[in-house]
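Examination of the molecular architecture
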Amino acid sequence: MRVRLLDIAHARSGDKGDTANVGVIALKPAWYPVLVKHLTRDRVAAHFDGLIEGGVDRYELPNLGALNFLLHGALDGGGTLSLKTDAQGKVYSTAMLRLVLDVSDDEARAAGLPIAT
Amino acid sequence: MTRTVRVAGGQGFWGDWLDAPRRQVDGGPVDYLMLDYLAEVTMSILQKQKERDPAMGYARDFVGAMESVLPAVAERGVKIIANAGGVNPAACAAAVQAMATAAGRPAALRIGIVTGDNLLPRIDELLDTGHWLLNMDTGEPLSVVRDRVIAANAYIGSAPIVEALARGANVVITGRSTDTALTMAPLRHEFGWGATDWNKLAAGIIAGHIIECGAQCSGGNCLHDWRNIPHLADVGYPIVEGSADGTFVVTKHPGTGGRVSIPTVTEQLVYEMGDPHSYITPDVVADFSSIRLEDAGPDRVRVYGITGAPATDKLKVSIAYKSGYKAVGSLVYAWPDALEKAECADRVLRERLDRMGLTYEKILTEFVGASATHGRLAGDAGRNAPEVQFRIGVRDADRKKVERFTREIVPLVLNGPPSVTGFAGGRPKVEEIVAYWPALVDKSVVQTQVEML
């Protein structure tokens, strides 16, 4: 089943130099394990392939039901150097939420996930 | 009932809502008002201002903010902590005192001035004594850009602010204090936390992180349930109610707009987060994976369980240096085929630059309304857009080349593709780039001072 990240998480992003950080927060506690399992570092790296120049790091925050991603080389040099509209990575958050996860039917049913049509 | 200390956040950056400081002291009881004015780039702007006029170099907005809260400070004992001093805290303090005198309250303020963060006059001394100030991202030594450095400030911690409060200050003005120390210091002062009370210091730092961006934790810029966040026009800025044990509640004044909830606070917690297990500050290394949040009633979130580890023996240094020039220009193309026309304009402009033999270190085109912020992830929706902004920028060490680029945009209105507008701003401005060089320095070389005005 296809599950839109937009339907199961919210997010905020910001910058640290040329790196954008995206915090992805599960909308319900039961959905956090789905994020941990499916929103992998590789999945996110593939999502942003061609849009960022560096790699991706992922950190788990079970206490907040959140994952923190660092997208390196995401800001055309960052801060004052950048020519981008989003020089400070403020809306990488919603670019992340465009991601669609493939979750098994059983898993989706067990976690009560909203299914994308 | 356990004693709590209320620290209000009234400014998240230089340029934040002018009304917020006054609203924070008038909207209900607060003990401290914390005002954060400094971003990475701010110090270099202030340094340039000070070079033009030795009496400048601080966040001028702060004087107006102080005027707006002066009655609360004078009559109700609210204390103010701000990093508004920039590269000239003494001049900032003098301007605030002059304002108070002019307002007929010459004795209302006891201003504590924190200095020692400015390393600009000491750079050569540091480099000569083996402090290389290596770039934390690239590993290069500062000598590579030494002749272009225009500002250098160590991020300093809570200790000098605590000292100023202990010496009776009711206004503390710092230079490059960390944003988080502005909140942690008054809690540490009030509750007598020691320099090795790592968990409590970490809690104070995380309280600071939550409120340092103003309303961004109380409903502003909040994606979660954004349509239903009440009355943003009247948004309440955040308040931390700290307790001696390091636990605290995040809230806002009753009757204000916005929202304080677990989702609004969580969004702010993850903002600009790096490795959550080690949030390094001059005072303590805080662990964001220890944070526990609990709903404590309407617009109240209780935060507890926070742990911290001993501080490192380094301070981060923010160094600003000149790094060439840039300019960004734009035109707007309208339906039908808005995106196609904008793409055509981009090709035409680039061909003209090529014909002049102009190449740049970087040239970047974006189509706002189609793909500027989400790139290919935005899909084809932009193909049918009612209008698309063609936005193009260049960056180069050679100012003349950047200047020439700025002349090539507006002509497209008459000699490029059709249905174009949005050029009222005329030629874009050439901007000198001040880049940021993050480095570390041994704590032992930075001595902070506190002076009472």
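Keep in mind that what you see is a predicted model, and the values were worked out from it rather than measured.

Turning next to the overall build of chain A. What chain A contains, in helices and strands, is 5 helices and 6 strands. Ordered by position from the N terminus, the helices and strands of chain A form the series β-α-β-β-α-α-β-β-α-β-α. What you see for chain A is a C-alpha radius of gyration of 14 Å, in line with the 13 Å of a compact globule of 117 residues. Viewed in the frame of its principal axes, chain A has a C-alpha envelope of about 45 × 30 × 20 Å. Across the 117 residues of chain A, 52% fall into the buried class. In chain A, 61% of the contacts between residues at least 6 apart in sequence involve partners at least 24 apart.

Another aspect to go through is the domain arrangement of chain B. The domains assigned to chain B are domain 1 (4–117 + 155–312) and domain 2 (322–437). Of note, the centres of domain 1 of chain B and domain 2 of chain B, computed from C-alpha atoms alone, are 39 Å apart.

All names here are of chain A. When you tally the buried positions in strand β5 (residues 66–71), you get 6 out of 6 residues, the bulk of the element. The alternating pattern of β5 places Ala66, Asn68 and Leu70 and Leu67, Phe69 and Leu71 on opposite faces, both of which are buried. Bridge analysis of strand β3 (residues 19–26) against β5 gives 6 bridges, and the strand direction is antiparallel. Each bridged residue has a counterpart across the sheet, and for Gly23 the counterpart in β5 is Asn68. Bridge analysis of strand β4 (residues 56–61) against β5 gives 6 bridges, and the strand direction is antiparallel. From the neighbouring strand, Arg58 faces β5, where its bridge partner is Phe69. Here β4 hands over to β5 after 4 residues, with Gly65 in that stretch at a positive phi of 60°.

For the rest of this paragraph, the subject is the interface of chain B and chain A. Contacts between the two partners involve 42 residues from chain B and, on the opposite side, 31 residues from chain A. Every element with two or more residues in the side of chain B that touches chain A is listed here: α9 (262–269), β14 (314–334), β15 (362–368), β16 (387–396) and β18 (431–442) of chain B. Among the elements that take part in the side of chain B that touches chain A, β18 of chain B stands out by supplying 5 residues, more than any other. For the side of chain B that touches chain A, the residue count by class is 20 nonpolar, 10 polar and 12 charged.

This paragraph deals with the sheet that holds β5 of chain A. Residues and elements named next belong to chain A. Pairing is antiparallel across the open sheet formed by 4 strands, whose spatial order is β2-β3-β5-β4. The open sheet has two edge strands with one neighbour each: β2 (9–16) and β4. The average undirected angle you get between the axes of adjacent strands in this sheet is 20°.

How two helices sit against one another is set out by the angle between their axes and by the gap between those axes. Residue and element names in this part refer to chain B. Contact geometry of helix α3 (residues 61–76) with helix α4 (residues 89–102) gives a least axis separation of 10 Å together with a crossing angle of 40°. Note that α3 runs across α4; the crossing there is right-handed. For the pair α3 and α4, the contacting residues are Phe62, Val63, Met66, Glu67 and Leu70 in the first and Cys92, Ala95, Val96, Met99 and Ala100 in the second.

Definitions and limits used
Chains are numbered independently. Their residues run from 1 in the order of the written sequence. All chains are assigned letters beginning at A, and all ligands numbers beginning at 1, according to the order in which they are written. Restriction of local features to residues with pLDDT of at least 70 applies here, the model being predicted, together with a cutoff of 80 or more for giving and counting side-chain atom pairs; totals for whole chains, interfaces and linings are based on all residues. Only DSSP runs of H or I reaching four residues or more are called helices, and only runs of E reaching two or more are called strands; each is numbered from the N terminus. What the globule rule says is 2.2 Å times the number of residues to the power 0.38, and the radius of gyration is computed from C-alpha atoms. Put simply, a residue is buried when 20 or more other C-beta atoms lie within 10 Å of its own C-beta and exposed when 12 or fewer do; between those, it is partly exposed, and each C-beta is set from the backbone. Whether two residues are in contact depends on their C-beta atoms, placed from the backbone: they are in contact if these lie within 7 Å. Each domain's extent was defined by an automatic or database domain assignment. Pairing between two strands requires that DSSP report at least two bridges joining them. When residues are sorted by character, Ala, Val, Leu, Ile, Met, Phe, Trp, Tyr, Cys and Pro go into the nonpolar class, Asp, Glu, Lys and Arg into the charged class, and all the rest, Gly among them, into the polar class. The axes are straight lines fitted to the C-alpha atoms, using for helices just the contacting stretch, and the angles between their N-to-C directions are given from 0 to 180°. Here is the rule for handedness: rotate from the far helix to the near one, and if that takes an anticlockwise turn smaller than a right angle the crossing is left-handed, while a clockwise turn gives right-handed.

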